[in-house]
Amino acid sequence: MFLETPERPKRTLRYVEEAFEQVKSRKNVRDVVILNDSGHPVKSTMHTEDAVHFSGLFQTIRGRLERGMAKIDPTDELLMLRVRTKTNEVLLVPDSKITVLVVQNAQDNFENGK
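What you see is a predicted model, and the numbers here were worked out from it, not measured in a lab.

### Looking at helix H2 (residues 48–72)
The periodicity of an α-helix, 3.6 residues per turn, causes residues three or four places apart in sequence to face the same way.
Right, so step 1: Between its first and last C-alpha, H2 extends 36 Å over 25 residues, near the 36 Å set by a 1.5 Å rise per residue.
Right, so step 2: Those residues of H2 that fall on the buried side of the exposure criterion are Ala 51, Phe 54, Ser 55, Phe 58, Arg 62 and Gly 63.

Next comes the structure, spelled out in structure tokens:
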């Protein structure tokens, strides 16, 4: 009668470390926050209280966006959220194990005509 929810693979410390190092090594990346499936930071380049505050703000945006998108197409899922200002860009990328939040310097190639 009830549909069973598929069991999600557990995140491992190695998985988190690899994702963290891979993202942190990218050019223009300023900060990285790795969130567990409950939305709590488990690894970050930010101070702990800053990471908790920052991730809470973006988890709120994510939740609202997912609820809005569900009204449009309930079968769709969020793959990436990108927020850009003149100087910064924030990427939120969820996967089946973790969510990665990245703060990077915004590239202004389109503004300079490059």
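Okay, back to it.
### Structural notes on the side chain of Ser 55
Right, so step 1: Position of Ser 55 relative to the elements: it lies in helix H2.
Right, so step 2: Judged by its relative accessible area of 1%, Ser 55 is buried.
Right, so step 3: Excluding anything up to four places from it in sequence, Ser 55 contacts Leu 35, Gly 39, Pro 41 and Leu 101.

### A few points about the pairing of strand S4 (residues 88–94)
Right, so step 1: Taking burial as the measure, the seven residues of S4 include five buried ones, the bulk of the element.
Right, so step 2: Bridge analysis of strand S3 (residues 81–84) against S4 gives four bridges, and the strand direction is antiparallel. Of the residues in S4, the one forming a bridge with Arg 82 is Leu 91.
Right, so step 3: Between S3 and S4, which pair antiparallel one after the other, the connecting turn spans three residues.
Right, so step 4: Where S4 lies against strand S5 (residues 99–105), seven bridges are found, and the strand directions are antiparallel.

### A few points about the pairing of strand S1 (residues 29–35)
Each regular strand displays side chains that alternate between the two surfaces of the sheet.
Right, so step 1: Most of S1 is tucked away, with six of its seven residues classed as buried.
Right, so step 2: In this structure, S1 lies alongside S5, joined through six bridges in antiparallel fashion. Counterpart to Val 33 in the pairing with S5 is Leu 101.
Right, so step 3: Hairpin connection of S1 to strand S2 (residues 41–44): five residues between the antiparallel strands, including Gly 39 at a positive phi of 90°.

### Describing the environment of Pro 41
Right, so step 1: For Pro 41, the position within the fold is in strand S2.
Right, so step 2: Sequence-wise, Pro 41 and Phe 54 are 13 residues apart; in three dimensions their C-alpha atoms are separated by 9.6 Å.
Right, so step 3: Apart from residues no more than four positions distant in its own chain, Pro 41 is found in contact with Val 33, Ile 34, Leu 35, Ala 51, Val 52 and Ser 55.

### Side note on the sheet that holds S3
Right, so step 1: With respect to topology, five strands assemble into an open sheet ordered S2-S1-S5-S4-S3, the strand pairing being antiparallel. Because the sheet does not close on itself, it has two edges, and the strands there are S2 and S3. Between one strand and the next, the sheet's axes are offset by a mean angle of 15°, whatever the strand orientation.
Right, so step 2: Pairing geometry for S1 and S2, over three bridges, is antiparallel. Directly across from Ile 34, in S2, lies its bridge partner Lys 43.
Right, so step 3: With respect to the sheet, helix H1 (residues 13–24) is in contact with S1, S2 and S5, its orientation differing from that of S1 by roughly 165°.
Right, so step 4: The sheet strands contacting H2 are S1, S2, S3, S4 and S5, and the helix crosses S4 at an angle near 65°.

Each value, and the rule that gives it
- Residues numbered from 1 in each chain as written.
- Predicted model: local features only at pLDDT ≥ 70, side-chain atom pairs only at ≥ 80, totals over all residues.
- Heavy atoms only, no water.
- Helix = DSSP H or I, 4+ residues; strand = E, 2+ residues; numbered from the N terminus.
- Expected span 1.5 Å × (residues − 1).
- Buried < 20%, exposed > 50% of the residue type's maximum accessible area, 1.4 Å probe, protein only.
- Contact = heavy atoms within 4.5 Å.
- Pairing = 2+ DSSP bridges.
- Axes fitted to C-alpha atoms, helices over the stretch in contact; angles between N-to-C directions.

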